[in-house]
Amino acid sequence: MERETKKISDSMIEHIYQVRPEHLNAAERLFGGKLMEWIDEIAGMVGMRHSGGNVITASVDNLRFIRGAFQNDLIVLSARVTYVGNSSMEVRVDTYVEDFEGNGARKPINRAYLTLVAVDSHGNPKQAPLILLETEGERAEWEAAKKRKELRNQRKIEGF
Ligand SMILES: CC(C)(COP(=O)(O)OP(=O)(O)OC[C@H]1O[C@@H](n2cnc3c(N)ncnc32)[C@H](O)[C@@H]1OP(=O)(O)O)[C@@H](O)C(=O)NCCC(=O)NCCS
C-alpha cells in the first residue's frame, strides 16, 4: 500500500502567549522552563495533527535563548514538520517576541528541533505519513534534517 502524504501546511501551528506574572523567574524574565513547555506542547500538537494519533517526544535540540522576554511581551511560537523518517517526525519550533506596540516586528528568541515519534494505542512506534515538499525552502530543510537525524543517531550510539 502506498504511504500517505500530507502537506506541511495541514499540520503547522502558530500560537501566541502573553507573558504573565506566573511565567516569570526570580530575575523577572520569562522562565526558560515555561518556554520549553510551550515548545514541547506545540511540537506535540503538530506531530499529532500530522500523524493522526498520539506522539511522544524522543529528543529536543538547539535550546539556545537569544534574548529574554518580560512581563506583557507577546511570545509567538510557530511550528511545522520538517522531516519524516519511518515513525519519527522532526518538528521545527521558532519562537519570537512580537513588538505589538510598534511595527509588529518579530525578534527571534529560539529555534528548536524536536523529534516526535508516532505511536499506536499500545505506545509502540508506528509509521507516520510523509510530507509533501512544495518549496525550495522545504526541500532544503528536509536535507538539513536528514543530517541532523544522522547526528542524533550517532550521539545515541556513542551515548554522547
Ligand atoms: C522514543 C522511543 C520510542 C524510541 O525507542 P526505540 O526503541 O529507540 O525505538 P526505535 O528504534 O523503533 O525508534 C523509533 C524512532 O525514534 C527515533 N529515535 C529513537 N531514539 C531517538 C533519539 N534519541 N533522538 C531522536 N530520535 C530517536 C528513531 O530514529 C526512530 O525513527 P524512525 O522510525 O523514523 O527511523 C523511546 O526511547 C521512548 O519511549 N522514549 C521515551 C519518550 C517519552 O516518554 N517522552 C516523553 C518525555 S519523558
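Above: the structure in question.
Residues numbered from 1 in each chain as written. Predicted model: local features only at pLDDT ≥ 70, side-chain atom pairs only at ≥ 80, totals over all residues. Heavy atoms only, no water.

Caption draft 1: Molecular detail of the overall build of the protein chain. A tally of helices and strands in the protein chain yields 2 helices and 7 strands. The C-alpha atoms of the protein chain give a radius of gyration of 17 Å, which matches the 15 Å a tight globule of 160 residues would have. Across the 160 residues of the protein chain, 39% fall into the buried class. For the protein chain, long-range pairs separated by at least 24 residues make up 71% of all intrachain contacts whose partners lie at least 6 apart in sequence. For the protein chain, the exposed area adds up to about 9300 Å²; of that, 49% sits on carbon and sulfur atoms. On the protein chain, the mean spot of the 23 positive side-chain charges and the mean spot of the 24 negative ones are 3 Å from each other. (Helix = DSSP H or I, 4+ residues; strand = E, 2+ residues; numbered from the N terminus. Rg over C-alpha atoms; globule rule 2.2 N^0.38 Å. Buried < 20%, exposed > 50% of the residue type's maximum accessible area, 1.4 Å probe, protein only. Contact = heavy atoms within 4.5 Å. Areas by Shrake-Rupley, 256 points an atom, 1.4 Å probe, with all protein chains shown as cover. Lys, Arg positive; Asp, Glu negative; His and termini not counted. Charge placed at Lys NZ, Arg CZ, Asp CG, Glu CD.)

Caption draft 2: A look at the sheet that holds strand S5 (residues 88-98). Across the sheet, which stays open at both edges, the 5 strands sit in the order S2-S4-S5-S6-S3 with antiparallel pairing between neighbours. Each edge of the open sheet carries a strand with a single partner, namely strand S2 (13-18) and strand S3 (54-61). The average angle at which neighbouring strand axes cross in this sheet is 30 degrees, direction not considered. Bridge count between strand S4 (residues 74-84) and S5: 10 bridges; the pairing is antiparallel. Residue pairing in the sheet places Arg-80 in a bridge with Arg-92 of S5. On top of the sheet, helix H1 (residues 32-51) reaches S2, S3, S4, S5 and strand S6 (106-119); it is set at about 40 degrees to S4, its chief contact. Running over the sheet, helix H2 (residues 136-158) touches S3, S4, S5 and S6 and is turned about 80 degrees from S4. (Pairing = 2+ DSSP bridges. Axes fitted to C-alpha atoms, helices over the stretch in contact; angles between N-to-C directions.)

Caption draft 3: Geometry of the pairing of S5. Within S5, 10 of the 11 residues are buried, which leaves the element mostly enclosed by the surrounding structure. If you look at the hairpin formed by S4 and S5, you'll find 3 residues sitting between the two strands. Here S5 pairs with S6 via 11 bridges, running antiparallel. Note on S6: the bridge partner recorded for Thr-95 is Asn-110.

Caption draft 4: Spatial organisation of the site of the ligand. Residues in close proximity to the ligand total 14 residues, the closest being Thr-57, Asn-86, Ser-87, Ser-88 and Lys-156. Within the contact set of the ligand, an oxygen atom lies 2.7 Å away from a side-chain nitrogen or oxygen of Ser-87. Side-chain polar atom of Lys-149 to an oxygen atom of the ligand: 3.0 Å apart, as the coordinates give it. About the coverage of the ligand: the protein hides 50% of its 920 Å² of free accessible area. Mapped by element, the contributors of at least two residues to the shell around the ligand are S3, S6 and H2. Taken together, the residues of the shell around the ligand sort by class into 3 nonpolar, 8 polar and 3 charged. (Near = heavy atom within 4 Å. Polar contact = N/O pair within 3.5 Å; in protein donor to acceptor, adjacent residues only side chain to side chain. Nonpolar A, V, L, I, M, F, W, Y, C, P; charged D, E, K, R; others polar.)

Caption draft 5: How the structure looks around the packing of aromatic side chains. The tally for this structure, following the rule as stated, stands at 2 aromatic pairs. Relative to Trp-38, the ring of Tyr-17 lies with its centre 3.9 Å away and its plane at 5 degrees, an arrangement referred to as stacked. Of the two residues, Tyr-17 is situated in strand S2 and Trp-38 in helix H1; the sequence distance between them amounts to 21 residues. Accessibility assignment for this pair places Tyr-17 and Trp-38 in one class, buried. Pairing Tyr-83 with Trp-142 gives two aromatic rings, centres 4.5 Å apart and planes at 50 degrees, and the pair type is tilted. With Tyr-83 in strand S4 and Trp-142 in helix H2, this residue pair connects regions lying 59 residues apart in the sequence. The pair Tyr-83 / Trp-142 is uniform in exposure class, with both members buried. (Phe/Tyr/Trp six-rings, centres within 6.5 Å; stacked < 30°, edge-to-face > 60°.)

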